[in-house]
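Inside the fold
Residues per chain are reported as follows:
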Amino acid sequence: MKKLFAALAASVCFLSTAVAQSVPAPTIAARSWILLDASSGQVIAAQDPTMRVEPASLTKIMTAYLTFAAIKDKKLDINQMVNVSHRAWKVDASSSKMFIDPATPVKVNDLLYGLMVQSGNDAAVALAEAVAGDEGTFVTLMNREAARMGLKATRFANPHGLPSPENYSTAQDLSVLAARVIADYPEFYKIDSVKSFTYNKITQPNRNRLLWLDPTVDGMKTGHTEAAGYCMIASARRPGGAGERRLISVVLGTSSDQARTQESQKLLNWGFQNFDTVKLYTKGQAIATPEIWKGSKSSVKIGFTRDVTVTVPKGVAGKMKPVLERKDPLVAPLAENSHVGSLKMMVDGKALLELPVVALETINQATIFGRAWDSMRLMLK
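As the structure is a prediction and not an experimental result, all values here were calculated from the model. (Residues numbered from 1 in each chain as written. Predicted model: local features only at pLDDT ≥ 70, side-chain atom pairs only at ≥ 80, totals over all residues. Heavy atoms only, no water.)

**Quick notes on the environment of Val340**
Checked against the element boundaries, Val340 lands in strand S17 (residues 339-347). Residues within four places of Val340 in sequence aside, it is in contact with Ile302, Glu325, Arg326, Lys327, Leu330, Leu334, Val357, Val358 and Ala359. (Helix = DSSP H or I, 4+ residues; strand = E, 2+ residues; numbered from the N terminus. Contact = heavy atoms within 4.5 Å.)

So, in C-alpha cells, the structure goes:
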C-alpha cells in the first residue's frame, strides 16, 4: 500500500477520460473537489483539482502526520507530558481551541485528539513545539515533507491553518496527503473516527457530521475560514469487487457545514455505486516470459512490483483486454526491476490505463561463446 501511494504522489493517476465520461460525474456545489479510489490509487472524477485554495484546518492533517512520524521514530512518546507555551495558549481566541493551559502539562495523546477531533489550533501549536522545538522549525518540516510526498502545489505557513497568504494547497495534493496518512499510520488514523472528545471538562464533538450519518465513514477532517469556505476530506470503506474498497473525497469551498456534508456524501455514494475496483495482477506474478538475448537464461519473467488494481465503471471489467508492449530485443545483463515495457488495459479500443512492466528477476550475461552465438542470431533476425 505504501508503494502504491509513493507512486500516486509522483503522478496522480486519473481515470481515462473516455471511460470516465461513460458515467457522468455528479454536480457538486463546491469550488474544487476530487474523488480518489485509495484501493487503486486512481482519481475517479474531479473538478478543478489543481485550483489553489486555502486549506484552513485541513492543514492539521500534515501536523498530525509529522507527529505520528515522530512517535514512530521514538522522538516523541504518545504518553509524554508536554508543557503548554504562552504562544500555544494565546492562539486566536476566536478560533477553534482545545482549551489547554500553560499551568497544566498535556499528554501527547490528548493533544492528538484535541487536534483531530476538536480541531484545536492551540493543540496544533503545542504539538509543533513538541516535535520540532518551535513553530517555525516545524513549518519547515511540514514543507519538507510536502515536497517528499510530491505535493508540488502545496505550501504551509503554520501548523493549524489559520489564514495566511503563504498557506495554500489543492484538492489533488490534499487527497494524496490524506491517502498517505491512512496508508502509513492506520493505527493513528483511527483517531479521526472518534465522535467527541473531552478535555479540561469541556466536551466538543467532531465536526465531521458524516460519522453520524454514514457508518462506513471513518474520517478524516473538516475546515473553515471565511476565505476557504466550508471544506471536508472524508473517507469511507465499503465491500467491493476486489474485497474492501476505500474512497477519499475532498470537497473545498462549499457554502455551509450542511453543504459540505451533503456534497461529500453525494460524492462518496456516487463513487461506490457506479464504479468497481478490480484486481488484475499480483505482485511478482509473471505476465509473460519473453526471450532474452546473450543471457544465462533464455527467457525472463516480467510483471509488476506491486499488486495491480484498477477502478472502472460497473460492467466494464469484463471488457478489458491487456496489450503488452515490450522494449525488444531484451539483452542481458538485465537487472531485477529494470523497465522492460508497458501494459495497456484497453476498453473498446481505448486505453483505460498504462502500467510500467519490469523484470522480475536478474539475468546475468551468458558465456563469451553464448554471447557470440546470440550476436550472430540477432544479426540474422
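**Points about the pairing of strand S10 (residues 243-254)**
Among the 12 residues of S10, 10 are classified as buried, and the element is accordingly described as predominantly covered. One ladder, built from six bridges, connects strand S2 (residues 32-37) with S10; its direction is antiparallel. Pairing of Leu35 across the sheet is with Ser249, part of S10. The pairing of strand S9 (residues 229-240) with S10 spans 10 bridges and is classified as antiparallel. Note on S10: the bridge partner recorded for Ser235 is Ile248. (Buried < 20%, exposed > 50% of the residue type's maximum accessible area, 1.4 Å probe, protein only. Pairing = 2+ DSSP bridges.)

**Some remarks on the packing of aromatic side chains**
Centre distance and the angle of the planes are the two values used to describe a pair of aromatic rings. Under the counting rule described, the total for this entry stands at seven aromatic pairs. Centre to centre, the rings of Tyr281 and Phe304 are 5.3 Å apart; their planes meet at 35°, and the pair counts as tilted. Here Phe304 lies in the loop between strand S13 (302-303) and strand S14 (308-313) and Tyr281 lies in strand S11 (residues 275-281), a separation of 23 residues in the sequence. The class for Tyr281 is buried, based on a relative accessible area of 14%. With a relative accessible area of 4%, Phe304 lands in the buried category. (Phe/Tyr/Trp six-rings, centres within 6.5 Å; stacked < 30°, edge-to-face > 60°.)

**A word on helix H11 (residues 257-274)**
Over its 18 residues, H11 extends 26 Å from the first C-alpha to the last, a length consistent with the 26 Å expected when each residue adds 1.5 Å. Within H11, the full set of buried residues consists of Ala259, Arg260, Thr261, Glu263, Ser264, Gln265, Leu267, Leu268, Trp270, Gly271 and Phe272. (Expected span 1.5 Å × (residues − 1).)

**A few points about the packing of helix H3 (residues 60-72) against helix H5 (residues 108-116)**
Closest axis-to-axis distance for the H3/H5 pair is 10 Å, and the angle between their directions is 160°. Between H3 and H5, the angle is such that the two are roughly antiparallel. At the point where H3 passes H5, the crossing takes the left-handed sense. Contacts from Lys60, Ile61, Thr63, Ala64, Thr67, Phe68 and Ile71 in H3 reach Val108, Leu112, Leu115 and Met116 in H5. Of the residues that constitute the contact of H3 with H5, the class distribution is eight nonpolar, two polar and one charged. (Axes fitted to C-alpha atoms, helices over the stretch in contact; angles between N-to-C directions. Parallel < 35°, antiparallel > 145°, perpendicular 65-115°, else oblique. Left-handed = near helix turned anticlockwise from the far one by under 90°. Nonpolar A, V, L, I, M, F, W, Y, C, P; charged D, E, K, R; others polar.)

Function-wise, these values are silent; they only describe arrangement.
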